[in-house]
Amino acid sequence: MRITLPSGTPAEFAQPDGPPTMGLVIAPDIFGLRPLYDDLVARLARDWNMSVCAVEPFPGRDLGPDIGPRSALVASIDDALHLADLEAAADQLAMRSGVGRVGLLGFCLGGMYCHKAARSDRFDRIVSFYGMIRVPGGWQSATQAEPLDILAAGHADRVLAVIGELDPYTPPDDVVALESVGVATVRYPQAEHGFAHDPARPAHRSDDAADAFARSRVWLEG
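Residues numbered from 1 in each chain as written. Predicted model: local features only at pLDDT ≥ 70, side-chain atom pairs only at ≥ 80, totals over all residues. Heavy atoms only, no water.

Chemist: What is the right way to look at the overall build of the protein chain in this model?
Modeler: A count of helices and strands for the protein chain gives seven helices and eight strands. Against the 2.2 N^0.38 benchmark of 17 Å for 222 residues, the protein chain shows a C-alpha radius of gyration of 16 Å, consistent with a compact globule. Its C-alpha atoms give the protein chain principal-axis dimensions of about 45 × 35 × 35 Å. In the protein chain, which comprises 222 residues, the share counted as buried stands at 53%. Across the protein chain, contacts joining residues at least 24 apart in sequence account for 71% of those joining residues at least 6 apart. Accessible area of the protein chain: about 9,300 Å², with a carbon and sulfur share of 51%. (Helix = DSSP H or I, 4+ residues; strand = E, 2+ residues; numbered from the N terminus. Rg over C-alpha atoms; globule rule 2.2 N^0.38 Å. Buried < 20%, exposed > 50% of the residue type's maximum accessible area, 1.4 Å probe, protein only. Contact = heavy atoms within 4.5 Å. Areas by Shrake-Rupley, 256 points an atom, 1.4 Å probe, with all protein chains shown as cover.)

Below you can see the structure in the form of structure tokens.
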């Protein structure tokens, strides 16, 4: 079901039938909350027995399905405000479901914010699916810190990065830099960007996706 965070940001929330083992915040890709994430939140709550909440990255914006306008707005996202929303979602999970431990899972843009969330003490474990390791040129701004800088100063050891080796957003040198600051990685040699979370994408690889989600659950559960 849809809930509203204290900031006014919408989020999708679901919990399992029984007591959850932990909480999980999801940071969506650049296309934000949509039926894909409603289904994912419900599925992970059911299959992983977790209380789950996905957070809209562009609150208050009336955006269509085209990537161009969305990409143009990324530079205007304030890291501190978006991280506050992700932490507020974790607090909602604790309040509504009584969970103690909360993890964070994100894809693409949300994966980049998983790297940036390593500066927070709120998340016990973090999984970034093909998150940008350096802020792309068109997204750079005064409110967009570099993921590697945050990881180097934060809890890089809490982060697992899921990497497609054919992904132009995570080139090999960046992956080496990611590992050098202490992030654990799992690489899929034939995978492109977005290979795991959306079966409708041409890049989707079902076997690699299943493996990546299984590894993510193990990481999140510690």
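On we go.
Chemist: Just to check I follow, could you spell out the pattern of salt bridges for this structure?
Modeler: If the charged atoms of two oppositely charged side chains come close together, the side chains can form a pair. Under the criterion given, the structure shown has 11 salt bridges. A salt bridge links Arg-187 to Glu-179, with the shortest nitrogen-to-oxygen separation between them at 3.0 Å. For Arg-187, a relative accessible area of 35% gives the class partly exposed. The structure contains a network of salt bridges with shared partners spanning Arg-2, Glu-12 and Asp-38. (Salt bridge = Lys/Arg side-chain N within 4 Å of Asp/Glu carboxyl O.)

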